[in-house]
Amino acid sequence: KALDGVRILDFTHVQSGPTCTQLLAWFGADVIKVERAGAGDITREQLRDIPDADSLYFTMLNHNKRSVTIDTKNPEGKLVLEALIQKCDVLVENFAPGALERMGFSWERIQELNPRMIVASVKGFGPGPYEDCKVYENVAQCVGGAASTTGFDDGPPVVTGAQIGDSGTGLHLALGIVTALYQRTMTGRGQKVLAAMQDGVLNLCRVKLRDQQRLERTGVMKEYPQYPNGTFGEAVPRAGNASGGGQPGWILKCKGWEHDPNAYIYFITQAPVWAKICNVIGREEWATDPQYATPNARLPRLQEIFAEIERWTMTKTKFEAMEILNRYDIPCGPILSMKEIAQDESLRRTGTIVEVDHPVRGKYLTVGNPIKLSDSPTQVTRSPLLGEHTDEVMAELGYSSAQIEALRACGAI
Ligand code: CAO
């Protein structure tokens, strides 16, 4: 495995940090998750669908890890954590700001214990006025520019179902960690890695900061639905389902839309295939009509054009439309429900959707590793039970059975 031999001290909880360490585990790192005895990661018991079984929230974010319980506020527990810091390569955490220091593990202390240690953190904000604030997913979406630019012009800001604040920042952090590991091979030193959720969301909203500057220069953005009939204000408006790029697109109804909330298709009027689009929808004359023939001529007519294309898509199911449009290389995508995705055979074949067996909850579906390495294939294994590997990891640290029992008796592990 790509990260064979890399040991991760996983001090993460909820979603952002666990997403990061799960990826590292899938690439082969030994991820040792530290949890509080008796309680563990709060998500173990959140949104439970089976009484007393670790929730899907927890199981789907903590595959391929080992779990040890340590009370890091207990003096004996602190010694165990120190031993782990000396043995591991990376400490990953996403506590509220200052929590690690309050535990007695400042960057300086960690460096004393292990100068090669990389300390990687997710925080809500980077240094600045909000650095001490706790942050959850939707807060990050709001402060990172996603909410103000998502939704329709006549409605309020909207958050997206994609967890760009949590899982998105976890991905950013994972890249920071492997980069720091690479640099360590040359410097021999650890370093701090910080991924702030606001920054991660903003990075994913980069095109909207592009548009802000275009708007300030020209006062108008012709691919937005506000053009030509609506008005633009001072800030990038919500663009509904308009395409973020230079190829206009929109979501169109398909056959069955009256009773199926997902009977829709995303349709892109890509310029190179405009003539083919005209043929498919039966408006051949638009291919040569100067009012429709060029991308610029079409921009003020997009609403009319999409209404005409929708008259065609409404005669087909989303899959029929996809099949026909793909014959002509016309970019499009059916709106797939989670039910349809869960049943998708090709996603199962590639390991992107995986069925996992769990001793308490039985079989469940999860999303496997979306990043495929040809020399380091991912085998998804179930999430650990709380403290399942405490004895095993303690033995690896050199503790005898009697010492382990004594530590358990005093509540340190
Ligand atoms: N033993 C003893 N104490 C432990 C422990 C252990 N094994 N593990 C954690 N703790 C303690 C911490 O030391 C902390 O104690 P203090 O408050 O006394 O310092 C306490 O548990 C709670 O940690 P927390 O403040 O991080 O947790 P919270 O539930 O209050 O806040 C969250 C959760 C997510 C808002 C906060 O952790 C945060 O802002 N994290 C950074 C941003 C982030 O990752 N957000 C996304 C989360 S996913 O949606």
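The present account deals with the structure reproduced in this document.

Taken as a whole, the largest pocket spans an internal volume of roughly 1,000 Å³. In terms of lining residues, the largest pocket is bounded by 38 residues, among which His13, Arg36, Asn94, Phe95 and Ala96 are the most central. Of all elements in the fold, only strand S2 (30-35), helix H4 (99-102) and strand S5 (118-123) reach the threshold of two or more residues within the lining of the largest pocket. Residues belonging to the lining of the largest pocket are distributed by class as follows: 17 nonpolar, 9 polar and 12 charged.

Taken together, Arg36, Lys73, Arg102 and Lys134 make up a surface patch of like positive charges. Residue placement: Arg36 occurs in the loop between S2 and helix H2 (56-59).

Counted residue by residue, S5 has 6 buried out of 6 residues, so it is predominantly covered. Of the two faces of S5, the one lined by Ile118, Ala120 and Val122 and the one lined by Val119, Ser121 and Lys123 are each fully buried. Note: S5 against strand S6 (residues 192-196), 5 bridges, orientation parallel. Considered in S6, the bridge of Val122 is made with Ala195.

Residues in close proximity to the ligand total 23 residues, the closest being Lys73, Arg102, Lys134, Val135 and Asp166. The contact in question runs from an oxygen atom of the ligand to an N or O atom on the side chain of Lys73, over 2.7 Å. Here an oxygen atom of the ligand and a backbone polar atom of Ala96 are 2.7 Å apart. Starting from 950 Å² of accessible surface for the ligand in isolation, the protein chains cover 85%. With respect to the pocket detection grid, the ligand is positioned in the largest pocket. Split into classes, the residues belonging to the shell around the ligand amount to 10 nonpolar, 6 polar and 7 charged.

Further remarks concern the sheet that holds strand S9 (residues 332-334). In space, the 3 strands of this open sheet follow the order S7-S8-S9, with antiparallel pairing throughout. The open sheet has two free edges, formed respectively by strand S7 (249-253) and S9, since each of these has just one partner strand. Each neighbouring strand pair of the sheet contributes to a mean axis angle of 20°, computed without reference to strand direction. Bridge count between strand S8 (residues 264-268) and S9: 3 bridges; the pairing is antiparallel. If you follow Tyr266 over to S9, its bridge partner there is Gly333.

Tracing the backbone shows Glu388 in the loop between strand S11 (362-367) and helix H16 (390-396). Take Glu388: its relative accessible area is 34%, and that puts it in the partly exposed class. Measuring from C-alpha to C-alpha, the distance between Glu388 and Arg66 comes to 7.2 Å, with 322 residues separating the pair along the chain. A distance of 2.7 Å separates a polar atom in the side chain of Glu388 from a polar atom in the side chain of Arg382. Polar side-chain contacts of Glu388 include one of 2.7 Å to the backbone nitrogen of Leu385.

Glancing now at the sheet that holds S5. The 6 strands lie next to each other as S3-S2-S1-S4-S5-S6, forming an open sheet whose pairing is parallel. Only two strands of the sheet have a single partner each, and these edge strands are strand S3 (65-69) and S6. For this sheet, the mean inter-axis angle between neighbouring strands, taken without regard to orientation, is 20°. Across the sheet, helix H7 (residues 167-187) touches strand S4 (90-93), S5 and S6, and the angle it forms with S6 is around 165°. This element, helix H8 (residues 197-204), spans S5 and S6 of the sheet and lies at about 65° to S6.

As a further point, take unusual backbone geometry. With omega at 5°, the peptide bond leading from Tyr227 into Pro228 counts as cis. Note on placement: Pro228 falls in the loop between helix H9 (206-218) and S7. Of note in this structure, Val14 is not a glycine but carries a positive phi near 60°. Residue position: Val14 is located in the loop between strand S1 (7-11) and helix H1 (16-26).

Rules of the game
Residues numbered from 1 in each chain as written. Predicted model: local features only at pLDDT ≥ 70, side-chain atom pairs only at ≥ 80, totals over all residues. Heavy atoms only, no water. 1 Å grid on protein atoms, 1.4 Å probe; cavity = no way out; pocket = protein on both sides within 12 Å on 5 of 7 lines; lining within 4 Å. Points joined across faces, edges and corners; volume = space filled by probe spheres on them. Helix = DSSP H or I, 4+ residues; strand = E, 2+ residues; numbered from the N terminus. Nonpolar A, V, L, I, M, F, W, Y, C, P; charged D, E, K, R; others polar. Patch = residues over 30% accessible without salt bridge, like charges linked within 9 Å, V, L, I, M, F, W, Y side chains within 5 Å. Areas by Shrake-Rupley, 256 points an atom, 1.4 Å probe, with all protein chains shown as cover. Salt bridge = Lys/Arg side-chain N within 4 Å of Asp/Glu carboxyl O. Lys, Arg positive; Asp, Glu negative; His and termini not counted. Charge placed at Lys NZ, Arg CZ, Asp CG, Glu CD. Buried < 20%, exposed > 50% of the residue type's maximum accessible area, 1.4 Å probe, protein only. Pairing = 2+ DSSP bridges. Near = heavy atom within 4 Å. Polar contact = N/O pair within 3.5 Å; in protein donor to acceptor, adjacent residues only side chain to side chain. Sits in = over half its atoms within 2 Å of the grid points. Axes fitted to C-alpha atoms, helices over the stretch in contact; angles between N-to-C directions. Contact = heavy atoms within 4.5 Å.

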